[in-house]
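# Fold and geometry: a report
Residue strings, one per chain:
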Number of protein chains: 2
Amino acid sequence: MAVRFQLLNGQNSSGPRRGRLLTKRGSIETPAFMPVGTQATVKTLDPNDLKAVQAEIILSNTYHLYLRPGSDLVREAGGLHAFMGWDRPILTDSGGFQVFSLAALRQITEDGVTFRSHLDGSEHFFSPEKAIQIENDLGADIIMAFDECIPYPADYSYTQRSTSRTSRWARRCKEAHQRPEEQALFGIVQGGMYKDLRLQSVAELGELDFPGYAIGGLSVGEPREVMLEVLEYTAPALPQDKPRYLMGVGSLDYVVEGVARGIDMFDCVLPTRVARHGLALTTQGRLTIRNAQYARDFTSLDPGCSCYVCQSFTRAYLRHLVVAKEILGLRLLSYHNLFFMLQAMQEIRSAIEEGRFTEVYKKYSSYR
Amino acid sequence: MAVRFQLLNGQNSSGPRRGRLLTKRGSIETPAFMPVGTQATVKTLDPNDLKAVQAEIILSNTYHLYLRPGSDLVREAGGLHAFMGWDRPILTDSGGFQVFSLAALRQITEDGVTFRSHLDGSEHFFSPEKAIQIENDLGADIIMAFDECIPYPADYSYTQRSTSRTSRWARRCKEAHQRPEEQALFGIVQGGMYKDLRLQSVAELGELDFPGYAIGGLSVGEPREVMLEVLEYTAPALPQDKPRYLMGVGSLDYVVEGVARGIDMFDCVLPTRVARHGLALTTQGRLTIRNAQYARDFTSLDPGCSCYVCQSFTRAYLRHLVVAKEILGLRLLSYHNLFFMLQAMQEIRSAIEEGRFTEVYKKYSSYR
């Protein structure tokens, strides 16, 4: 087995779970947040920075790496870990989300998806077999099945057909997977916003006995209540002894909702993306560093934070860097935001251990 | 005295000199290269990176900091060291070079220079007194007198008038300087490409007994031979017991020419600027990392280099980052280029100590 999952607070079927995901490259304490390194780098940060902010696993994007630099090149480099100099666990998505986001640029058949590159318009084809081959080349510790991420809204009939196809694709992914001892293949539950289709998806994927399950197709534009409702009935239906991953979700207000419903893993570009727009996540809420009020603010970015940035620099300096368009500003904010996010996850884990999850839920469920 | 200078290989009047410049924030081994941190950051790097590449002193630009964030703000922050989190020595230029580079935007009188900001077109006035006041606010360990950097070519008559004015301004700078015990004020020799005017400038500034002297107005577009000729007669005329700083020069082929003629200090944006254009300085010469030949080159950037970047990443990865426009690529190349440059300076210093400067001169005088 490429991964092993331990639940540390018993076999909770629906409430918050405290767990540990063991891989050959290190263990991941759950609930976990995975920083996103789309192009084989978490933007602006190097592997030492990622260790300093205490990232235990990062996510990288199959679609992007396939197009550039090419998964064959990454394989020749010795895999993604060697290529980017990161020796801790990596998860790769399957490219499904990106390919289906290309809207007008793609065409779906039972066999797979034909799409055009966002880089140069060249035509490409992803099938379940092709996606897995690429992920085998990249060599991440956890790889995701190739699915169709259904847009919102979608009618019942389309959702039903797509969800069934995703189940058939999941089987083909499992059969195509060449390195099951080194790479854990997770299935992705679809089903749109329809309870019977979500449960059907869970059942069909469950038959394939994947070492982990993701909930896909959420956070795609649906109202918050709809997403929470889907989570509410989908999560507890998943196998209790396998890790559960809510894809593309990473704002703290949603993370605590996910944890409350038994989700173990999250990923999102949010902390690093907003950093590059000058937004800091702090213990006092979001802070737009560019604002004039910080020009002569010689306090630390987040007085409640112990990270390198908050220990070394003032809001006035960070504002100066951002206003002057200095690259260092983007890096320091990215660093802090990830540290903040990963500290919050640590806080959530401790609270679960100590039976006071309600406290952190209250604290973060309205975090903006 | 804010600085003390020791010559370690005797009182050489014209040959290469091995020295040590002592300041309250640490000592600087000379010949020294100063990385440039124009806007209170050496672009893409943080203070820890600068220490890791073994920078002993950095240069920052008065003109830029005056405009943004403002020297009063930097003073309130506790000075430039506190503002940017750098506790080793800093040298600030006087803004003269930038102000006079604004060509059409400025007007010179005996009193000073009226100019318009490159940021917003607003009108400003720098006099010797004003420049020194700003430098006193910034609080660098070494500050430069306000001079006119004469463009090339310039006729004898203009050069004569300008050089005399720079001498008068130097006196006014010295008189205006409020913190001589904390900040060493260096004079700047002008005189264009005319020997008698250079020697006149040396003599007039010598009367003011500055703790250090810069040679300004070189590397402004004149042919290489002209520059070397001016250096040849100007450097040995300077006081032997004071540090000599050749402003704005930092390509290795010029650095060794300067060292050969008794220069102790250099600065240049070159290593970091070319890095941001994807150019690496290596022991095998310049390398354009974007070139297709490096796409599958899994060797280190510079096999002759022991820096973090060369120990951790391959050319293929660095090329991918640069091609994919990832910020991390700019930082890693900047880091390496500065490390390379500062290692070369170390090599030059060792060679002087060991009486084999000719070797490194031969090695680097044709470095491209």
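Residues numbered from 1 in each chain as written. Chains lettered and ligands numbered in written order. Predicted model: local features only at pLDDT ≥ 70, side-chain atom pairs only at ≥ 80, totals over all residues.

## A few points about the environment of B:Thr282
All names here are of chain B. Within the secondary structure layout, Thr-282 lies in strand S15 (residues 279-282). A tally of 18 C-beta atoms within 10 Å means that Thr-282 is categorised as partly exposed. A sequence separation of 55 residues divides Thr-282 from Asn-337, and the C-alpha atoms of the two residues are 7.7 Å apart. Contact partners of Thr-282, with chain neighbours within four places excluded, come to Leu-287, Leu-301, Asp-302, Cys-305 and Phe-340. (Helix = DSSP H or I, 4+ residues; strand = E, 2+ residues; numbered from the N terminus. Buried ≥ 20, exposed ≤ 12 C-beta atoms within 10 Å, placed from the backbone. Contact = placed C-beta atoms within 7 Å.)

## Observations concerning the interface of chain A and chain B
Each side of the interface is counted separately: chain A has 31 residues, and chain B has 31 residues. Elements represented by at least two residues in the side of chain A that touches chain B include exactly helix H3 (71-76), helix H4 (80-84), helix H13 (315-323) and helix H14 (327-353) of chain A. When residues in the side of chain A that touches chain B are grouped by element, the largest group, five residues, is from H13(A). Residues that form the side of chain A that touches chain B fall into these classes: 18 nonpolar, seven polar and six charged. (Nonpolar A, V, L, I, M, F, W, Y, C, P; charged D, E, K, R; others polar.)

## What about the sheet that holds strand S1 (residues 3-7) of chain A?
Residues and elements named next belong to chain A. Pairing in this open sheet of three strands is antiparallel, and the strands run S1-S2-S3 from one edge to the other. Looking along the sheet, the strands with just one partner apiece sit at the ends: S1 and strand S3 (26-30). Ignoring strand direction, the axes of neighbouring strands in this sheet form an average angle of 20°. Sheet analysis places strand S2 (residues 19-23) next to S3, joined by five bridges and oriented antiparallel. Paired with Arg-20 across the bridge in S3 is Glu-29. (Pairing = 2+ DSSP bridges. Axes fitted to C-alpha atoms, helices over the stretch in contact; angles between N-to-C directions.)

## Focus on the relation of the copies chain A and chain B
With an axial shift of 0.0 Å and an RMSD of 0.0 Å, the rotation relating chain A to chain B amounts to 180°. Each copy turns onto its partner about a two-fold axis. Measuring from the rotation axis to each C-alpha of chain A, the shortest distance belongs to A:Ile327, at 3.8 Å. Here 100% of the interface residues in chain A have copies in chain B that are interface residues too; the copies meet face to matching face. (Least-squares fit on C-alpha atoms with pLDDT ≥ 70 in both.)

## Regarding the packing of helix H7 (residues 156-176) of chain B against helix H8 (residues 195-206) of chain B
For any two helices packed against each other, the geometry comes down to the angle between their axes and how far apart the axes lie. Residue and element names in this part refer to chain B. One can describe the packing of H7 onto H8 by two numbers: an axis separation of 10 Å at closest approach and a directional angle of 10°. By the angle class used here, H7 and H8 are roughly parallel. Between H7 and H8 the crossing geometry is right-handed. Counted together, Thr-159, Gln-160, Thr-163, Thr-166, Ser-167 and Ala-170 of H7 and Leu-197, Gln-200, Ser-201, Glu-204 and Leu-205 of H8 form the full contact between these two elements. Of the residues in the contact of H7 with H8, the class split is three nonpolar, seven polar and one charged. (Parallel < 35°, antiparallel > 145°, perpendicular 65-115°, else oblique. Left-handed = near helix turned anticlockwise from the far one by under 90°.)

## Some points on the sheet that holds strand S7 (residues 106-108) of chain B
Residues and elements named next belong to chain B. Ordered in space as S7-S8-S9, the three strands form an open sheet in which the pairing is antiparallel. With partners counted over all chains shown, the strands left at the sheet margins are S7 and strand S9 (123-126), one partner each. When the angles between neighbouring strand axes are averaged without regard to direction, this sheet yields 15°. Here S7 pairs with strand S8 (residues 113-116) via three bridges, running antiparallel. Bridge pairing links Arg-106 to Phe-115 in S8.

## Describing the domain arrangement of chain A
All names here are of chain A. When its domains are assigned, chain A resolves into domain 1 (3-30 + 61-268) and domain 2 (270-361). Counting residues at the interface gives 11 residues for domain 1, matched by 10 residues for domain 2. Element by element, the count of residues in the side of domain 1 that touches domain 2 is highest for helix H10 (residues 252-260), at four residues. When the residues that make up the side of domain 1 that touches domain 2 are grouped by side-chain class, the tally is six nonpolar, three polar and two charged. (Domains from an automatic or database assignment.)

## Concerning the environment of A:Ala214
All names here are of chain A. Checked against the element boundaries, Ala-214 lands in strand S12 (residues 213-215). We classify Ala-214 as buried; it has 29 C-beta atoms within 10 Å. When the C-alpha atoms of Ala-214 and Gly-187 are compared, they prove to be 6.1 Å apart, with 27 residues separating the residues in sequence. Residues in contact with Ala-214, not counting those within four places in the same chain, are Met-144, Phe-186, Ile-188, Val-189, Tyr-245 and Met-247.

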